[in-house]
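Residues per chain, in single letters:
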Amino acid sequence: PPRTPVRLRYEQLSAVEHATVLGQPVAGTDGTVSMTAGRGRPLVVTTLEIPEAMRVLGGGRDSARPLAAAICLAAGLMLLSAGLGWAVIEALT
């Protein structure tokens, strides 16, 4: 939306650097094609590497997903071993 604040504005991109553009191509009335914001998403142009650009877009915070996945895996293994232990005790009695 036009009211959304801009984090950073480039006035010029270097022709030497490779840039990644996320947007929607739109054909103009004169036949030229340009990239614009579309489908409710902003136009993103970056010269950063993709992992670094994703950190910038995410606000610079590291994701807690790996920690959450490790905790869930540990909890699952503990429950599995408890269930197997219970089954062995029931089989022996």
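1. Remarks on the environment of Val 44
Piece 1. Tracing the chain through its elements places Val 44 in strand S4 (residues 44–46).
Piece 2. Judged by its relative accessible area of 18%, Val 44 falls in the buried class.
Piece 3. For the pair formed by Val 44 and Leu 57, sequence separation is 13 residues and the distance between their alpha carbons is 9.6 Å.
Piece 4. Discounting residues that sit within four places of it in the chain, Val 44 has contacts with Thr 20, Val 21 and Leu 22.

2. Focus: the environment of Thr 93
Piece 1. Locating Thr 93 in the fold gives a position in the segment after helix H2 (65–92).
Piece 2. Residue Thr 93 is classed as exposed on the basis of its relative accessible area of 74%.
Piece 3. A distance of 3.1 Å separates a polar side-chain atom of Thr 93 from the backbone oxygen of Ile 89.
Piece 4. Reaching out from Thr 93, the side chain makes a polar contact with the backbone oxygen of Glu 90 at a distance of 3.4 Å.

3. Section: the side chain of Thr 46
Piece 1. Assignment of secondary structure puts Thr 46 in strand S4.
Piece 2. What makes Thr 46 buried here is its relative accessible area of 14%.
Piece 3. Of the polar contacts made by the side chain of Thr 46, one reaches the backbone nitrogen of Leu 48; its length is 3.0 Å.
Piece 4. When near neighbours in sequence (up to four residues on either side) are disregarded, Thr 46 contacts His 18, Ala 19, Thr 20 and Ala 53.

4. Points about a nonpolar patch on the surface
Piece 1. Together, Leu 13, Val 21, Met 35, Leu 43 and Val 45 give the surface a local cluster of nonpolar side chains, amounting to about 350 Å² of exposed area.
Piece 2. Position of Leu 13 among the secondary structure elements: in the segment before strand S1 (20–22).

5. Considering the pairing of strand S2 (residues 24–27)
Piece 1. Summarising the sheet, S2 and strand S3 (residues 33–36) pair through four bridges and their orientation is antiparallel. Each bridged residue has a counterpart across the sheet, and for Gln 24 the counterpart in S3 is Thr 36.

Cut-offs and rules
- Residues numbered from 1 in each chain as written.
- Predicted model: local features only at pLDDT ≥ 70, side-chain atom pairs only at ≥ 80, totals over all residues.
- Heavy atoms only, no water.
- Helix = DSSP H or I, 4+ residues; strand = E, 2+ residues; numbered from the N terminus.
- Buried < 20%, exposed > 50% of the residue type's maximum accessible area, 1.4 Å probe, protein only.
- Contact = heavy atoms within 4.5 Å.
- Polar contact = N/O pair within 3.5 Å; in protein donor to acceptor, adjacent residues only side chain to side chain.
- Patch = residues over 30% accessible without salt bridge, like charges linked within 9 Å, V, L, I, M, F, W, Y side chains within 5 Å.
- Areas by Shrake-Rupley, 256 points an atom, 1.4 Å probe, with all protein chains shown as cover.
- Salt bridge = Lys/Arg side-chain N within 4 Å of Asp/Glu carboxyl O.
- Pairing = 2+ DSSP bridges.

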